[in-house]
Amino acid sequence: MSQEGRSEEGFVKVEATKPPDTSTARVSMSISLEACREKCLRDCSFSGYATANVSGSGSGCLSWYGDLMDTRVFPDEGQDLYLGVDNITLAEIDQRKSKGFLARVTKVLFE
């Protein structure tokens, strides 16, 4: 990975999650979710991000660095979480485009 950021990495959207423990998360209420994505692309130590304000407009940026602790995927509802992954993983997901593959990835990550 380059020192300029995640130029060879991207994000996997995992829907209906309980976000990770926020005690070590960083919060920026003044930026959009897209600005949050761009910010995280430039930061090599980033692990994941989500919108900080889930009620209303869904604004702000909640970002994690290091291990993501106490996260769950729910069957029906929850918050969207964007996980940082390498291009190989992104290519596998794009190639398969099936919930089965993403379910296996999230099962490994969250169990």
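Definitions and cut-offs
- Note that residues are indexed from 1 along each chain, following the sequence as it is written.
- Only residues with pLDDT of 70 or above have their local features reported here, since the model is predicted, and side-chain atom pairs are shown and tallied only from 80 upward, although totals for entire chains, interfaces and linings are computed over all residues.
- Heavy atoms throughout the structure, all of them, feed into the side-chain values; hydrogens and water do not.
- Buried Ala, Val, Leu, Ile, Met, Phe, Trp, Tyr and Cys residues form a nonpolar core when they are joined through side-chain atoms within 4.5 Å.
- Remark: exposure states derive from per-residue accessible area (1.4 Å probe, protein chains only) relative to the maximum for the residue type, with buried under 20%, exposed over 50%, and partly exposed in between.
- Only DSSP runs of H or I with at least four residues qualify as helices, and only runs of E with at least two residues qualify as strands; both kinds are numbered from the N terminus onward.
- To count as a disulfide, a pair of cysteine sulfur atoms needs to be within 2.5 Å.
- Arc, as used here, means the arc of the directions from the helix axis to the C-beta atoms.
- Any two residues whose heavy atoms approach within 4.5 Å are treated as being in contact.
- Ring geometry is summarised as follows: Phe, Tyr and Trp rings, the Trp one being its six-membered ring, pair when their centres sit within 6.5 Å, and such pairs are stacked at plane angles under 30 degrees, edge-to-face over 60 and tilted between the two.
- Whether a charge lies above a ring is judged from NZ of Lys or CZ of Arg, which has to be within 6 Å of the ring centre and within 35 degrees of the ring normal.

A. Spotlight on the nonpolar core. Counting residues in each nonpolar core, the largest one holds eleven residues, listed as V12, V14, A25, A50, L62, W64, L81, L83, V85, L90 and I93. Of all elements in the fold, only β1 (9-18), β4 (61-65), β6 (79-86) and α2 (87-96) reach the threshold of two or more residues within this core. No other element matches the three residues that β6 contributes to this core. Within the second largest apolar cluster, nine residues are counted, among which are F11, C36, L41 and Y65.

B. Local environment of the state of the cysteines. In total, this model carries one disulfide according to the counting rule given. Covalent S-S linkage joins C36 and C61, the inter-sulfur distance amounting to 2.0 Å. The S-S bond linking C36 to C61 shows a torsion near 50 degrees; that makes this disulfide right-handed. Here the residue C36 occupies a position in helix α1 (residues 33-41), and C61 occupies one in strand β4, the gap between them amounting to 25 residues. Looking at the unpaired C40, the closest cysteine sulfur is the one in C36, lying at 4.3 Å.

C. Layout of α1. Looking only at α1, the buried set comprises C36, C40 and L41. Buried residues of α1, seen end-on, are gathered within an arc of 135 degrees and therefore sit on one face of the element. The inward-facing, buried residues of α1 contact β1, β3 (46-50) and β4.

D. Up close: the packing of aromatic side chains. Enumeration over the complete set of coordinates arrives at four aromatic pairs. A centroid spacing of 5.0 Å and a plane angle of 90 degrees characterise the contact between F11 and Y49, whose relative ring orientation is edge-to-face. Of this pair, F11 sits in strand β1 while Y49 sits in strand β3, and the two are 38 residues apart along the sequence. As far as the burial class goes, F11 and Y49 line up, both buried. The interplanar angle of 45 degrees and the centroid separation of 5.9 Å between the aromatic rings of F46 and Y49 together place this pair among those described as tilted. With respect to class, F46 is no different from Y49; both count as buried. An aromatic cluster of three or more residues is present, and its members are F11, F46, Y49 and Y82. Over the ring of Y65 we find R26; its NZ or CZ atom is 4.0 Å from the centre of that ring.

E. Just unusual backbone geometry, in detail. Backbone geometry places A16, a non-glycine residue, at a positive phi of 60 degrees. By the element assignment, A16 lies in strand β1. The exposure class of A16 is buried, given its relative accessible area of 13%. Unlike most non-glycine residues, D70 shows phi in positive territory, near 60 degrees.

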